[in-house]
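Each chain, letter by letter, is given below.
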Amino acid sequence: MYWYDGALCSGERLELTVTEPGLLYGATTFTTLRVYEQTLHDPRSDWPAHRRRLEEAVAEFDWLSPNWHRLETGAQQMAQRFPVLRLTLFTDGRELITGRGLPGDLQQRQDEGVVAWLAEGVGLSRSLPHRKTGNYLAPWLALQQARKLGAVEAILLNERGEWLETSTGTLWGWREGQWWTPPLSAGILPGVARSRILQSASRRGVRIGQVPWFASQVREFEVLAYSNAVVGVVPIRRVLRSHQGRETILPQSLERQGYDGEQTAMAELRSLLRSR
């Protein structure tokens, strides 16, 4: 089931023209949100922030605006059936809304942390990183490689070797008694969860550093985590790193850098995300 161009549709097939820019070039913009209590208007769903993300992208790209009321109506109908929604806009204002469930092991991920793979030396970073567009090939490829190596997430880097973000979320590191995150200027997405955490921290007088993440700084972190609007805050308990200069990446060629959990630090980050 999905919502497309003003109507609720059954099945999983969608018909597009062969000249569709979204198909040919990834010319779409989207946002993915977690729906609480089956309504967009639960404050935890953060619908205004997700709509604002879409509005800003449409304005910047000079695309036709969708029928915003129709988009919200479709999203609310889909919210009755799915806890996670992806709202996609096409260049001509059409909307596509799909739904899915939460990860079955989400609680375990949040409690125990996950393994991530460092996608270095392979040029895997998002295009137009400040917007969520349909051209998500690089993060998707990085995530597929990570899963082949037994990891749940991939960590993307830029050409300077700075750690940017994961394939699906914002990076957070704890050291010197405070949290740190890469700056937007590094070339990362201004995530909805990221913005909420930073705004809450500002209101509460909690310091969060925003500096480029080079390898020397990352080694100093005591705790590592990532966040997005669907999974919340998830610790990264181990990072897999490939040896450079190999054409084939093998599990036995990986160096493992572990990060011990820090309950107080994680509790603070989660509290900032929940704060209103």
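The paragraphs below set out a description of the structure included in this document. Note that residues are indexed from 1 along each chain, following the sequence as it is written. Predicted model: local features are reported for residues with pLDDT of at least 70 only, side-chain atom pairs are reported and counted for 80 or more only, and whole-chain, interface and lining totals are derived from all residues. Derived side-chain values reflect all non-hydrogen atoms in the structure, with water molecules and hydrogen atoms excluded from consideration.

1. Focus on the overall build of the chain
- We count a stretch as a helix when DSSP gives it H or I for four or more residues in a row; a strand needs E for two or more, and each element gets its number in order from the N terminus. Counting its regular elements, the chain contains eight helices and 14 strands.
- For 276 residues, the compact-globule estimate of 2.2 N^0.38 gives 19 Å, and the chain sits close to it at 19 Å.
- The cut-offs for exposure are 20% and 50% of the maximum accessible area for each residue type, with area from a 1.4 Å probe on protein chains only; residues under the lower value are buried, those over the upper are exposed, and the others partly exposed. By the burial criterion, 50% of the 276 residues in the chain qualify as buried.
- Residue contacts follow a heavy-atom distance rule, with two residues in contact if any of their heavy atoms lie within 4.5 Å. Restricting the contact set of the chain to residue pairs at least 6 apart, pairs at least 24 apart contribute 66%.
- In these tables, accessible area is a Shrake-Rupley quantity obtained with a 1.4 Å probe, and a residue counts as shielded only by the protein chains included in the view. Summed over all atoms, the accessible surface of the chain reaches about 13600 Å², with 48% contributed by carbon and sulfur.
- A residue counts as positive if it is Lys or Arg and as negative if it is Asp or Glu; His and the chain ends are not included. Just so you know, the charge point we use is NZ for Lys, CZ for Arg, CG for Asp and CD for Glu. For the chain, the separation between the mean place of its 33 positive charges and that of its 30 negative charges on side chains is 2 Å. Our radius of gyration looks at C-alpha atoms and nothing else; its globule reference is 2.2 Å times the residue count to the power 0.38.

2. Brief notes about the environment of Ala267
- Structurally, Ala267 is set in helix H8 (residues 263-274).
- What makes Ala267 partly exposed here is its relative accessible area of 43%.
- As for Ala267 and Val233, which are separated by 34 residues in sequence, their C-alpha atoms are 9.6 Å apart.

3. Considering the pattern of salt bridges
- Throughout this description, the term salt bridge denotes a Lys or Arg side-chain nitrogen within 4 Å of a carboxyl oxygen of Asp or Glu. On inspection of all chains with the given rule, the structure shows 17 salt bridges.
- Across the pair Arg109 and Asp105 runs a salt bridge, and its minimum N-O distance is 2.9 Å.
- Its salt-bridge partner being Glu176, residue Arg175 comes within 3.0 Å of it at the nearest N-O pair.
- Take Arg175: its relative accessible area is 7%, and that puts it in the buried class.
- We classify Glu176 as exposed; its relative accessible area is 58%.

4. Here we look at the side chain of Thr181
- By the secondary structure assignment, Thr181 is in strand S10 (residues 178-181).
- At 2.7 Å, the side chain of Thr181 and the backbone oxygen of Leu171 are in polar contact.
- For Thr181, the contacting residues outside a window of four places in its chain are Thr170, Leu171, Trp172, Arg194, Ile208, Gly209, Gln210, Val211 and Trp213. N or O atoms within 3.5 Å of each other form a polar contact, as long as, within protein, one can give a hydrogen and the other can take it, and as long as residues adjacent in sequence are counted only when both atoms are side-chain atoms.

5. Some details on helix H5 (residues 137-148)
- An ideal rise of 1.5 Å per residue puts 16 Å on twelve residues; H5 measures up with 17 Å between its terminal C-alpha atoms.
- Where H5 is buried, its residues contact strand S6 (114-119) and strand S7 (153-157).
- Looking at the residues trailing H5, positive phi occurs at Gly150, about 85 degrees. Helices are assigned an expected span. That span is 1.5 Å times one less than the residue count.

6. Looking at the packing of aromatic side chains
- Only Phe, Tyr and Trp rings take part, Trp by its six-membered ring, and two of them pair if their centres are within 6.5 Å. Stacked means planes under 30 degrees apart, edge-to-face means over 60, and tilted covers everything else. Summed over the entire model, instances satisfying the criterion amount to five aromatic pairs.
- Summarising the aromatic geometry, the rings of Trp174 and Trp179 are spaced 5.5 Å apart at their centres and angled 65 degrees between planes, so their arrangement reads as edge-to-face. Each member of the pair, Trp174 as well as Trp179, is classed as buried.
- Taken together, a centroid distance of 4.6 Å and an interplanar angle of 50 degrees make the contact between Trp213 and Phe221 tilted.
- A relative accessible area of 1% places Trp213 in the buried class.
- Two limits define a charge over a ring: the Lys NZ or Arg CZ must be within 6 Å of the ring centre, and within 35 degrees of the ring normal. The lysine or arginine in question, Arg175, covers the ring of Trp180, its NZ or CZ lying 4.3 Å from the ring centre.

7. Comments concerning the packing of helix H2 (residues 47-61) against helix H3 (residues 68-79)
- Fitted lines through C-alpha atoms give the axes, limited to the stretch in contact for helices. The angle between two N-to-C directions lies from 0 to 180 degrees. Relative to each other, H2 and H3 sit at 135 degrees, their axes nearing to 13 Å. For the element pair H2 / H3, the angle class is oblique. Where H2 crosses over H3, the two elements pack in a sense that is right-handed. Across the interface between the two elements, Trp47, Arg51, Leu54 and Glu55 from H2 touch Trp68, Leu71 and Glu72 from H3.
- Each residue is assigned to one of three groups, with Ala, Val, Leu, Ile, Met, Phe, Trp, Tyr, Cys and Pro labelled nonpolar, Asp, Glu, Lys and Arg labelled charged, and all others, Gly among them, labelled polar. Residue classes in the contact of H2 with H3 are distributed as four nonpolar, no polar and three charged. An angle below 35 degrees is read as roughly parallel, one above 145 as roughly antiparallel, one from 65 to 115 as roughly perpendicular, and any other as oblique. What makes a crossing left-handed is the near helix being turned counterclockwise from the far one by less than a right angle; a clockwise turn instead makes it right-handed.

8. Quick notes on the sheet that holds strand S4 (residues 84-90)
- Two strands qualify as a pair provided that DSSP identifies no fewer than 2 bridges between them. The five strands lie next to each other as S2-S1-S5-S4-S3, forming an open sheet whose pairing is antiparallel. Sheet topology places strand S2 (7-9) and strand S3 (28-34) at the edges, where each strand pairs with a single neighbour. On average, adjacent strands in this sheet sit at an angle of 20 degrees to one another, irrespective of strand direction.
- Pairing geometry for S4 and strand S5 (residues 95-100), over six bridges, is antiparallel. Note on S5: the bridge partner recorded for Leu89 is Glu95.

9. Quick notes on helix H6 (residues 192-204)
- Taking 1.5 Å per residue, 13 residues should reach 18 Å; H6 reaches 18 Å between its end C-alpha atoms and fits that length.
- Those residues of H6 not exposed but buried are Val192, Ala193, Arg194, Arg196, Ile197, Leu198, Ser200 and Ala201.
- Gly205 occupies a position one or two residues after H6 and carries a positive phi of about 70 degrees.

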